[in-house]
Every structure is written in structure tokens, then in C-alpha cells.
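# Secondary and tertiary structure notes
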Amino acid sequence: MPRPSRPKAPSFIVRVSPKAKRTEQRRLGYTTLRRRLPDADWPCRYSLSYPGKLDEPGQTRGPKTVLYFLHGWMSNDRSWFDRRPTRAIRDHWRRRGVAEPVVASISYGRAWIFGVPALREHFLRQVVPRVEAEVHARTDAPVERRLLFGVSMGGINAAYLALNEPDFADRVVAASPAFHDLTPWSGPAEIHRYARSSRAFTPAVGVATGFCRLKMGPQFASRAEFDLEGDIFALAQRNLGPATPPLLITSGQRDLFGFDQGAGKLTQLAEDHGATVRLVRMPKAGHARIPTQPVADFLLPPGT
């Protein structure tokens, strides 16, 4: 009897062997350090990626920019090096000869959401000071500029941070962000309505709803409490404005989760409230595709 083949991972999940990761990092001349922050409630792992070698004078000196990278669902803190588009972003910076940021790739596990206030506070009060103290100590320079870049689940996490803490980052990229109208209480009828209106793949919408129930449902006592903290569109309606950091949203119009509809909706809200926003839509792209040049250029300092 033939052995059943192993099911293929979705296209937006990229698996790279540890040996390949180390080889890639050495080839590109990066120093990557992995850290764990043990916490009974919110255990966190993060990887710090420094351009150049720490023991070479001048390689990592000077005022520092830190790019906080928030990965997608079912990934981890190593995903900054796993994905071809993020490698292409680094290559684009190198071709232009610009100073690259130190990358802090953050993970609270395979699935987590900054719509939960306690988790967001843990990141801001525990993780960020630790990351930036280490960067300062290793590079002999303070952190002067922060960037925020999230993909899929990480994209909506970046948006939660930007809307709740507008002074945290200078620029924010949300790539294929998980913007949708579903809640932890959405039933089959609401799921089907959303799938029809967004042209999404219904089983994928069921996965998104299940994630919402699992990670957000237990954290909110009522629908009213969820609307106050967890509903990204209600939060945007209240908090968007000229003080919101410049925001780049990218989206594939063939996103199987239907998140392209939400990307358009949040972009319209941002424009209506006077926020600086740009939407890059890719007509033939699916979920979690990243347009290299617009993202790489957007993250550069103004005037570069």
C-alpha cells in the first residue's frame, strides 16, 4: 500500500532548515542573536539581526534604527530570514547603499494578537526596553528611530500598535493585514456573508474566525468590550488622525481570506480622518505577498 504523501504547507508558510538559515546569514554578513524572555503569562522569543559583524569597528556604530518585524500566523521570530520578499528588501537596501536597520523579529508563539491590551502592554513595557538596551550596549549608540513591519497576523498587530500608540513608530507597514469584520461570536451565516462580499474562500474564513475565537474571545467579557479594544475598524474610527504614523498597506486582490476588502476599508477610514496612508494593491497576488520596492523605499528615512 503506498505511503500517503505529506500535505503541502500553504504557500504563505515557508520552511527553511536551520543550516540553510545560518548559511544565508553568513553569506549576507549579518550577526543574528536569539533571545527568550520567560514569562508565565506572555512568553516571548525575539531575534536581533545586526548588519555587519559586531567585532568589526564601524560595522554597527552610529545612530540606530530598529525595525520591529511581526510575523504571520504559524511562523516564528526567525521568519525575517525565512521569506524571500524580506530577503529582497534587504538586497534592495544594499543596492542603494543605505544604512540598514537592526531588525528585532518578535514572536509570542505561532498565534497571538495585539488586540489584547495586556499582551500589547507586555511588549511595550517588557520587550521593547530590553531590545533597545541590548542594541545600545552592543552598538554604542542609542535607538533614534523605530520602524514597524507586520505580515498577515503581524500586519493587524502592527495596526493595533499604530492606533493605540501613535508615538511608538516613525513608519508602519501592514502587509496583507488580517483586517476583517468577523468577531469571536460570528456564526455560520455571518461567515458566509463575509465570504461572499469579500470573495474569500469560505474554509479560510472559518480559520480566521477560529483564530479570533481562540485568541480574543477569552480576553473580552462582552461584545461591547471587544468593540472597544479588539474591533480594528471601530478602533480606527476613534483613533486615526494626523498624529497617526505614516502607514503603508499592501494587499493581494486574490487574498483567499478576503483581507483585501478590509485593507480598502481601513485605507478609506485613514483618508477620511486625515492620516497619511498609502494602499498598494497587487491585482494577481494572493495572501501575504509583499511588493519589495514600495515597502523597502517606504521604510527608508525621508529624503533618502
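Note: the structure precedes this text.
This text gives an overview of the structure that appears in the document. Please read all numbers here as calculations on a predicted model, not as lab measurements.

## Topic: helix 7 (residues 202–215)
Here helix 7 is 14 residues long and its end C-alpha atoms lie 20 Å apart, about the 20 Å a rise of 1.5 Å per residue gives. Taken together, the buried positions of helix 7 are occupied by A204, V205, A208, T209, F211 and C212. Axial view of helix 7: buried residues confined to an arc of 155°, hence all on one face.

## Concerning the packing of helix 4 (residues 117–139) against helix 5 (residues 153–164)
Packing of helix 4 against helix 5 brings their axes to within 11 Å, and their N-to-C directions diverge by 75°. For the element pair helix 4 / helix 5, the angle class is roughly perpendicular. On the side of helix 4, the interface is formed by R120, F123 and L124, while helix 5 contributes Y160, L161 and N164. Looking at the contact of helix 4 with helix 5, its residues break down into 4 nonpolar, 1 polar and 1 charged.

## Things to note about empty space enclosed by the protein
What the rule picks out here adds up to 1 cavity of 30 Å³ or more. In this model, the largest cavity occupies a volume close to 30 Å³. The greatest single-element share of the lining of the largest cavity, amounting to 3 residues, is contributed by helix 5. For the lining of the largest cavity, the residue count by class is 6 nonpolar, 1 polar and no charged.

## Quick word on a nonpolar patch on the surface
Side chains of W73, M74 and V207 sit close together on the surface and give an oily, nonpolar patch of about 220 Å² of accessible area. Secondary-structure assignment places M74 in the loop between strand 3 (64–70) and helix 2 (79–82). A residue is classified by how much of its surface remains accessible, and M74, at 32% relative accessible area, is partly exposed.

## Regarding the pattern of salt bridges
In this structure the tally under the stated criterion is 11 salt bridges. E134 is the salt-bridge partner of R138, the closest N and O atoms lying 3.2 Å from each other. Here R138 and its partner E134 are both found in helix 4, 4 residues apart, which amounts to about one turn of the helix. Notably, a salt bridge pairs R281 with D260, separated by 2.9 Å at the nearest N-O pair. Placement of R281 in strand 8 (residues 277–282) and of D260 in helix 10 (residues 259–272) is noted, with a sequence separation of 21 residues between them. Taking the relative accessible area as the measure of exposure, D260 reaches 12% and is therefore buried. Shared partners join several salt bridges into a network, and the residues in it are R35, E134 and R138.

## What to know about the layout of surface pockets
By volume, the second largest pocket is sized at about 340 Å³. Only helix 5, helix 7, helix 8 (223–229), helix 9 (232–239) and helix 10 provide two or more residues apiece to the lining of the second largest pocket. Broken down by element, the lining of the second largest pocket gets its largest block of residues, 4 residues, from helix 7. Classifying every residue of the lining of the second largest pocket gives 19 nonpolar, 5 polar and 4 charged.

## A short note on the packing of aromatic side chains
Scanning the entire structure with this criterion turns up 14 aromatic pairs. Ring centres 5.2 Å apart and planes at 70° place the aromatic pair W112 and F114 in the edge-to-face group. Note on W112: relative accessible area 2%, which makes it buried. Take F114: its relative accessible area is 0%, and that puts it in the buried class. Here F123 and F168 contribute two aromatic rings whose centre-to-centre distance is 5.8 Å and whose plane-to-plane angle is 65°, an arrangement assigned as edge-to-face. In this pair, F123 sits in helix 4 while F168 sits in the loop between helix 5 and strand 6 (171–175), placing the two residues 45 residues apart along the sequence. Aromatic rings pair up to connect Y68, Y108, W112, F114, F123 and F168 into one cluster. Its end group placed over the ring of F298, R171 keeps NZ or CZ at 4.8 Å from the ring centre. Lying across the ring of F233, K265 places its NZ or CZ 4.3 Å from the centre.

So, how was this worked out
- Residues numbered from 1 in each chain as written.
- Predicted model: local features only at pLDDT ≥ 70, side-chain atom pairs only at ≥ 80, totals over all residues.
- Heavy atoms only, no water.
- Helix = DSSP H or I, 4+ residues; strand = E, 2+ residues; numbered from the N terminus.
- Expected span 1.5 Å × (residues − 1).
- Buried < 20%, exposed > 50% of the residue type's maximum accessible area, 1.4 Å probe, protein only.
- Arc of directions from axis to C-beta.
- Axes fitted to C-alpha atoms, helices over the stretch in contact; angles between N-to-C directions.
- Parallel < 35°, antiparallel > 145°, perpendicular 65-115°, else oblique.
- Contact = heavy atoms within 4.5 Å.
- Nonpolar A, V, L, I, M, F, W, Y, C, P; charged D, E, K, R; others polar.
- 1 Å grid on protein atoms, 1.4 Å probe; cavity = no way out; pocket = protein on both sides within 12 Å on 5 of 7 lines; lining within 4 Å.
- Points joined across faces, edges and corners; volume = space filled by probe spheres on them.
- Patch = residues over 30% accessible without salt bridge, like charges linked within 9 Å, V, L, I, M, F, W, Y side chains within 5 Å.
- Areas by Shrake-Rupley, 256 points an atom, 1.4 Å probe, with all protein chains shown as cover.
- Salt bridge = Lys/Arg side-chain N within 4 Å of Asp/Glu carboxyl O.
- Phe/Tyr/Trp six-rings, centres within 6.5 Å; stacked < 30°, edge-to-face > 60°.
- Lys NZ or Arg CZ within 6 Å of the ring centre and 35° of its normal.

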